[in-house]
Amino acid sequence: MAVPAAAEDPDEPLDLTGLDAELVDIFVEESGDLLDHSDGLLAQLREAPGEREPLIGLQRDLHTIKGGARMAGIMAIGELGHAMESLLEAVVEQRCELGSDGIPLLERGFDRLHVMVTRVGARRAVGASERLSVEFDARARGETLVPEAPETSASAPALPDAAPIEPLTPLSAPIGEDVAGEGEDISVRAPQEQVRIRADLLDRLVNYAGEVAIYRARLEQQLGAFRSAMAEMEQTNTRLRDQLRRLDIETEAQIIARFQREGDSGDAAFDPLELDRFSTLQQLSRALAESATDMTSLQGTLDDLTRQYETLLLQQSRVSSDLQEGLMRTRMVPFDALLPRLRRVVRQAASETGKQVQLRLDGAQGELDRNVLERMTAPLEHMLRNAVVHGLEAPERRREAGKPEQGTVRIAVRREGSEVVLEVGDDGRGLDREAIRRRAEERGLVRTGAALGDGDLDMMIFQPGFSTADEVSRLAGRGVGMDVVASEVRQLGGTLDIHSRRDQGTTFTLRLPQTLAVTQAVFVRIGETSFAVPIASVRGVGRITREQMAEAGAVYSYGGEEYALHDLGKLVGHAPARAEGHLQMPLLLIGAGELRAAVAVDQIIGNREIVVKPVGPQVASVPGIFGATIMGDGSVRVILDVAPLVRRQTVQPRDEAPAEATERRQVPLVMVVDDSVTMRKVTGRVLERHNLEVVTARDGVDALERMDERVPDLMLLDIEMPRMDGYELATQMKADARLRGVPIVMITSRTGEKHRQRAFEIGVERYLGKPYQENELMRNVLDLLGGRDDG
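**Q** Tell me about the sheet that holds strand S16 (residues 625–630), residues and numbers included.
**A** Strand order across the open sheet formed by five strands is S15-S8-S9-S17-S16, with mixed pairing between neighbours. The outermost strands of the open sheet, each flanked by one partner alone, are strand S15 (603–611) and S16. If you compare each strand with its neighbour and ignore which way they point, the axes differ by 35° on average. Here strand S8 (residues 518–526) pairs with strand S9 (residues 529–534) via six bridges, running antiparallel. Bridge pairing in S9 places Val-524 opposite Phe-531.

**Q** A description of the nonpolar core should follow, citing residues and the corresponding values.
**A** One finds Phe-335, Leu-384, Phe-462 and Phe-508 to be the most contacted residues of the largest nonpolar core, which totals 50 residues. If you tally residues by element for this core, the top one is helix H11 (residues 370–391), at eight residues. Among residues more than four places away in sequence, those in contact with Phe-462 are Met-482, Asp-483, Ala-486, Leu-496, Ile-498 and Phe-508. Listed in part, the 40 residues of the second largest apolar core include Leu-62, Ala-69, Ile-103 and Met-116.

**Q** I'd like a description of the sheet that holds strand S4 (residues 406–416), backed by residues and values.
**A** Taken together, the five strands give an open sheet; going across it, the order is S2-S4-S5-S7-S6, and neighbouring strands pair in mixed fashion. Single-partner strands in this sheet number two, and they are strand S2 (356–362) and strand S6 (495–501). Put simply, the sheet's adjacent strands are angled 15° from each other on average, direction ignored. As judged from the seven bridges shared by S6 and strand S7 (residues 505–513), these two strands associate in the antiparallel manner. When the bridges of S7 are listed, Arg-501 appears paired with Gly-505.

**Q** Now, about the pairing of S9: what can you tell me, with residues and values included?
**A** Counted residue by residue, S9 has five buried out of six residues, so it is predominantly covered. Between S8 and the antiparallel strand that follows it, S9, lie two residues; Gly-527 among them carries a positive phi value of about 65°. The pairing of S9 with strand S17 (residues 636–640) spans two bridges and is classified as parallel. The partner of Phe-531 across the bridge, within S17, is Val-638.

Here is what the cut-offs are and how they apply
Residues numbered from 1 in each chain as written. Predicted model: local features only at pLDDT ≥ 70, side-chain atom pairs only at ≥ 80, totals over all residues. Heavy atoms only, no water. Pairing = 2+ DSSP bridges. Helix = DSSP H or I, 4+ residues; strand = E, 2+ residues; numbered from the N terminus. Axes fitted to C-alpha atoms, helices over the stretch in contact; angles between N-to-C directions. Core = buried A, V, L, I, M, F, W, Y, C linked by side-chain atoms within 4.5 Å. Buried < 20%, exposed > 50% of the residue type's maximum accessible area, 1.4 Å probe, protein only. Contact = heavy atoms within 4.5 Å.

By themselves, these are just geometric observations and shouldn't be taken as functional.
The following block contains the structure:
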């Protein structure tokens, strides 16, 4: 006996005449939860067909779906649910047996219910599943029907093409109610009060929390600058008090000297310091001393206020972090929320290829950010289809290879630090590396006969449009998919690795951030540009000599592994790294899957927590860029994914030499050394207006400390400074081989010939008086910078 299948027009709208739209939405939402729960029970039933509890749970879920469908007026779903419930009722009451083919029949029925519910949610019409209903009714009576064609191809379009991505935010039952099927007894576990919120609203709240974190970082940076200004003010007050003390001494000395010159012409009854005619200068001196004391008192008040602001900012930082963490927790959902959909994908692919497949899960309770899980849904579905279509052999081939006829596809989820690791593997034939190399050579991706490791060869399958299939089918052969998977993983800030062994299977390892909103990053500088590198891909830091860096084929050993040397400047199109001011080249050690790379940079600035911001499609399409972040001063930093940049350079055809980055003229660095805050600021602004980079120091000791990090191209130097004056600093620089070549321009109020002559004897190039003329200063600066040999 055979019953024709019902066909559905994918574009036919749902007739809402006589239906309550709000009630239909409630039914769709509830049914989605129930079908996901039923999928888990089906997995239990397949593992233990004789168990009674999964059957009772399925019967209860179907009863609820059937009742909800009839109440909402969706009779086609109600009829199929009733037929499936009748079979389960007969099996539970032992009026019939489920049989070995009963579980696949139930899976077909639940898959059909899922498609129907999805169509109702999209306001598309659903047709009656008469054939499936007849099969369930016949099985309940102990009869067996032979279907004409698979249900998936007759009654509904292919699942991945027909079913849109479902919202993955776990939506709870109304307050005081528990989700059907979650517990056998609501006395063992009391229901928790929960609320439903829209996913877009939650995303906006998380974004607002990220903005708060950015503003907090800006406040911290500004408060730090204010604290530095307070330290400058303290030094200025100290210098003012010292000058006033010397003024007092000089004033008193002048008064006494004048008294001695005048002899006894004055009134001997009064001390000269007590006479009114001598007190005007003294009064001004005393008034200045009082003003200095007032400034010191004002500075103390500002110090107290600054400490209070720092305390408040620290408290606000803690509350902001707790708020952000709480919001992030609300976006975390267990991975098993996606499992029903993945099981359906595997069942459909197995049905259409005629293969026997078992899906095994490990650690599915691990949590991910809802956005990460949503964006990984389509890539995971594609990987599972590939595992079934490409990876697993047909049953007869598996028998010949000594394997069980039923293949296994495995999904494992685990957490490592701030990352979530997903492994998708199979026990099939493994990657055909000969076919991959042949197709790569045909497409010109690698030079014929080029020596490539297995890892580099395996990565070829992530090239756009790459496929080794000889025939194009609906499930494989178009070359579209794995490149999208790799791109999505990179845009999420994750990494993707392949491990394949012939006749033993292939495993894809995906490392993803647990959340997309906040992450840790290492900041590096190359030339005048800084980049952020996610700390998930950083294995460590190191240093190497310039001679070793220049050696062909040199590697860096770290932790028992060898890291190939690369230059970040060449990878991103900048001038090569120079690391000026460093005795050795700083290295950032990158690990992604089997890739190990030691990337040379000019400077490793440090690591900090960043708020990840998406970039536009134009920027996102550039290899190696998947986001940006906003710094505390409002500037934007690009977040780099170094691994694809290294891989692109590694697999480049050997006969095409990589294009050398054009040498860019480096912006000269000028150091201004002066104990006067005003002079430093004014001179710095003058230099910056002429497109020069400026760094400042308040005395000789401060200047030497700063030059440990970076050697300037030119120095503007004052003479009179605390701790170490200009003469002492210039003498030490001219005696140091690393600093000897830095031209020095002295700018001082000491314009006498004696001071000028001493400066030139030390080796100072130019000598200018204060106040200087801007044109004269810049003429000397540009003249010295233009004549300097950068090597």
